[in-house]
Amino acid sequence: MSEYLRLLEHDIHIAALSFMGLAYAIRAFWLFSFRPVTEKSLPAGHPSRTVASSLFTVARPWTIEKHRRTPVFYAQFVVFHIGAAAAISLTFIIPHWPELLAIEAVVRLMQVTLIAAFVAGMARLYRRLSDPSLRLISTWDDYFALVMMNLFYVLGAWTISNRCGACGWIVLTFFLVAALIHLYVPFSKIVHYLYYPFVRYYLGKAMAHRGIGRYVHPEESSWRNKL
Amino acid sequence: MKGRIVSLAAGSQPDSRSATQYRMLSRLFRERLTREMAFSMVSCVHCGACAQACHYALARAHDPCMTPAYKADQIRRMFNRNMNWICRILSGRLNAGTSAADADMERLRDIVFGACTGCRRCTFNCPIGVDNAALIRFTRGILTEMGVVPEGLSNASRNQWLSGNQMSVTEEEFFDSLDWIKAELQYELGVGDLDILVDKKDCDIIYAVNPREIKYDPHSLMNAAKLFYLAGESWTLPRYGWDQTNFGLFSGDDRLGAFMAGNLYRAAERLRARRIVVSECGHGYRSVRWEGYSWANNQQTIPTESVVETVMRYLIEGRIKVDRLRNTGSVTFHDSCNVARYGGLVEEPRWVLKQVCSDFREMYPNGVNNFCCTGGGGLLTMPEYRPLRLEVARIKADQLKVTEADTVCTMCHNCRDGLGDLIDHYQLNMKVVQVMDLVAEALVLPPGNEGNINE
Ligand code: SF4
Ligand code: SF4
């Protein structure tokens, strides 16, 4: 068991991560092969602020109608994504910094985060299955990715509890799922975290160019077309 | 117009006719897809948040097909099938084309032309920033190229190609209208030196209008001529290139977009005008001020603005005087999607309205969060989609009702018609005007000139 575990924790984990990195690079290369929009009109706004606001949209729930109307949706989103970060860090903590898990507070924090993320994930799954408009747009990948992540969280929470116990197969399964996720991510919607900065940057840049979302004092506005 | 069926089923063998169209589709994808759109194609996580932003989805909550992501997915599936190498490898698994979803071009036409005004509200309310509106316009462009386009839109586009204006206004009609406007204004203002010049070189402003201002509603142009006269502006209309509207924007045809915007840019260059000003038209403003320069591959060299910005400039520079007590009714403002969400003009019309009317009240949501008038995206030229348009206009009607205003003001001809239509349909006690109507009403004539306004 421990030999398998060592293999999964180190060699397979690294191999899966490298594969993921390679697939990301190819995807990025492919996407950047499309021609960018070239603006020929004169700009009206100041880019940096609008682009920054666009990039930080996830941290500005009041800017999105769904988040404004349904704060619980936003809360689920936050918890779910913090859980993802926690579960991924766990795949590094266990093999490389196991001493961290000797600290009771870290273990408890990890467990609470992962269990909360699992609950949020289940709520998301329920929503996806029960809301007709979500069901209509959901693909095989949407369900599979969500189920994988939920499994990842629950196994992560369990792994921490059993790290020093007898149930080595849980840790083994956790690392197996981690490797699978790394292999699957480039082909699935989970890859959105990689695209997010680009999509938001381009939208922010387009908005900034047109001065959308800025407050302009009338005195300034009349000069904004000046060459 | 007859639609054509294209089989894009994962793994299916297209017949010879659809095989040609399939190749055409692939070519169009390769030629037209920009990097920004490609990122939008691959980034949707199907969270459904955009459903909360779209007036179609809100008004037809029972109809999941109205979700913006669903509409964009129709083209996303084709993209996955044609372009996305990962989906091509795992064809059919990762949201690639299926015969049920994207085989029917007519259905796709009804979705992108009939169930979306391209208002961009979903884009602004997508946590990821997926530009569904851009994807829908892109799809419209592809369908237009393939000939699967609503008749009204196709007719207006053809008019623009053939006559340089969407209503095929002849030169004779153009000059007749200008003469009539001039005579009316001279009488109204009690002046004889007011002129409306055409093709005059070296003016400060070249003014472009919506053809309806020539054909049906000369008051808009009259208001502008009055404004320019009182401000002492040197301005001209071009003989050709005066139509600022652009059906290329609605049909997704960037070549028509370039042609129409290019007509005006060339006229400005030929006449050595120092500034382009467009009358109150949402998509016209967006086309001329923003997209047009890129479509026409023409680097902007002179300022380009909406006449509402011009009014603001005149007021700040003290070139005109207004009296807000001439507009005492309660007025609310409807932000045109093309002006606010695409064009960035939010504060400017409000600033002007606060100068020219005494009871201005906001509607909520407003600015870049405003709901579409439901007549955008060229929908007013597509009568076949009117029942659906009026059904989803309930969202806008509710928004208007809450303001309890007597008048809704907008800075777009399309919005004016769209709002007028829904006001009739929902029997709201409200009238629609444009900013320039209120400005013209509030304009103070120079001392000693009483004009004949009351007559
Ligand atoms: S377009 Fe944006 S809001 Fe709509 S489902 Fe996709 S990611 Fe969510
Ligand atoms: S652009 Fe506007 S009408 Fe079209 S899907 Fe988005 S919100 Fe709905």
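Quick summary incoming for the structure in this document. All values reported here derive from a predicted model rather than from experimental measurement.

**Topic: the site of ligand 1**
And step 1. What surrounds ligand 1 is a group of 13 residues, the closest being Cys44, Cys47, Gly48, Cys50 and Cys126 of chain B.
And step 2. Considered class by class, the residues forming the shell around ligand 1 number 10 nonpolar, three polar and no charged.

**Quick look at the environment of Gly292 of chain B**
Residues and elements named next belong to chain B.
And step 1. You can see Gly292 is positioned in helix 16 (residues 282-295).
And step 2. With 29 residues separating them in the primary sequence, Gly292 and Lys321 have C-alpha atoms 33 Å apart.
And step 3. With residues up to four places along the chain from it excluded, the contact list for Gly292 reads Ala261, Tyr265, Arg286 and Ser287.

**A closer look at the side chain of Asp217 of chain B**
And step 1. Mapped onto the elements of the fold, Asp217 of chain B is located in the loop between helix 12 (212-215) and helix 13 (218-231).
And step 2. Apart from residues no more than four positions distant in its own chain, Asp217 of chain B is found in contact with Arg212, His413 and Arg416 of chain B.

**Considering the packing of aromatic side chains**
And step 1. Applying the stated criterion across every chain, the model contains 27 aromatic pairs over all chains.
And step 2. Cluster of aromatic residues (ring-pair linked, three or more members): Phe32, Tyr195, Phe198, Tyr201 and Tyr202 of chain A together with Phe39 of chain B.
And step 3. Between Lys66 of chain A and the ring centre of Phe73 of chain A, over which it is positioned, the NZ or CZ distance is 5.1 Å.
And step 4. Sitting over the ring of Phe371 of chain B, Arg121 of chain B keeps its end group 3.8 Å from the ring centre.

**Overview of a nonpolar patch on the surface**
Residue and element names in this part refer to chain A.
And step 1. On the surface, Trp97, Leu100 and Ile103 cluster together to form a nonpolar patch covering roughly 280 Å² of accessible area.
And step 2. The residue Leu100 is located in the loop between helix 4 (71-96) and helix 5 (104-130) in this model.
And step 3. By relative accessible area, Leu100 is classed as partly exposed at 33%.

**Re the interface of chain A and chain B**
And step 1. Listed by partner, the interface residues are 65 residues for chain A and 74 residues for chain B.
And step 2. When the two sides are added together, the surface that chain A and chain B hide from each other amounts to roughly 6100 Å², 61% of it contributed by carbon and sulfur.
And step 3. At the boundary of chain A and chain B, one finds two salt bridges.
And step 4. Arg121 of chain B is the partner of Glu65 of chain A in a salt bridge, and the nearest nitrogen-oxygen pair spans 2.5 Å.
And step 5. Scanning the region where chain A abuts chain B turns up 24 residue pairs in polar contact (both at pLDDT 80 or more).
And step 6. Looking at the side of chain A that touches chain B, the elements that each hand over two or more residues are helix 1 (2-32), helix 3 (65-69), helix 5, helix 6 (132-137), helix 7 (140-162), helix 9 (192-209) and helix 10 (218-221) of chain A.
And step 7. Residue contributions to the side of chain A that touches chain B peak at 10 residues, all from helix 9 of chain A.

**Some details on the environment of Gly257 of chain B**
Residues and elements named next belong to chain B.
And step 1. Mapping Gly257 onto the fold places it in helix 15 (residues 254-270).
And step 2. Linking Gly257 and Phe175, residues 82 residues apart in sequence, is a C-alpha distance of 25 Å.
And step 3. Not counting residues up to four positions away in its chain, the partners in contact with Gly257 are Asn246, Gly248 and Trp295.

Criteria and thresholds
- Residue indices begin from 1 for each chain and proceed along its sequence in written order.
- Going through the entries in the order they are written, you letter the chains from A and number the ligands from 1.
- Local features in this predicted model are restricted to residues whose pLDDT is 70 or higher, and side-chain atom pairs enter the listing and the counts only when it is 80 or higher, whereas totals over whole chains, interfaces and linings include all residues.
- Computation of side-chain values covers all heavy atoms of the structure but excludes hydrogens and water.
- A single heavy atom is enough: if one lies within 4 Å of a molecule or strand, its residue is considered near that molecule or strand.
- Ten residue types, Ala, Val, Leu, Ile, Met, Phe, Trp, Tyr, Cys and Pro, are classed as nonpolar, four, Asp, Glu, Lys and Arg, as charged, and the remainder, Gly among them, as polar.
- Numbering goes from the N terminus for both helices and strands, where a helix is a DSSP run of H or I of at least four residues and a strand is a run of E of at least two.
- Contacts: residue pairs with any heavy atoms within 4.5 Å of one another.
- Any two of the Phe, Tyr and Trp rings considered here, Trp counted by its six-membered ring, make a pair once their centres fall within 6.5 Å; the pair's planes then place it as stacked at under 30 degrees, edge-to-face at over 60, or tilted in between.
- Both a distance and an angle decide whether a charge sits over a ring: NZ of Lys or CZ of Arg must be within 6 Å of the ring centre and within 35 degrees of the ring normal.
- Put simply, a patch holds well-exposed residues, over 30% relative accessible area, that have no salt bridge, with like charges counted together within 9 Å and Val, Leu, Ile, Met, Phe, Trp or Tyr side chains within 5 Å.
- Each accessible area value is a Shrake-Rupley result obtained with a 1.4 Å probe; residue values ignore everything except the protein chains displayed when judging cover.
- Salt bridge, as used here: a side-chain nitrogen of Lys or Arg that lies within 4 Å of a carboxyl oxygen of Asp or Glu.
- Burial classes: relative accessible area under 20% of the type maximum marks a residue as buried, over 50% as exposed, and values in between as partly exposed (1.4 Å probe, protein chains only).
- Using a 1.4 Å probe, buried area is obtained as the accessible area two parts lose upon being combined, added over both of them.
- What qualifies as a polar contact is a pair of N or O atoms within 3.5 Å, subject to a donor-acceptor requirement within protein and to the restriction that residues adjacent in sequence count only when both atoms come from side chains.

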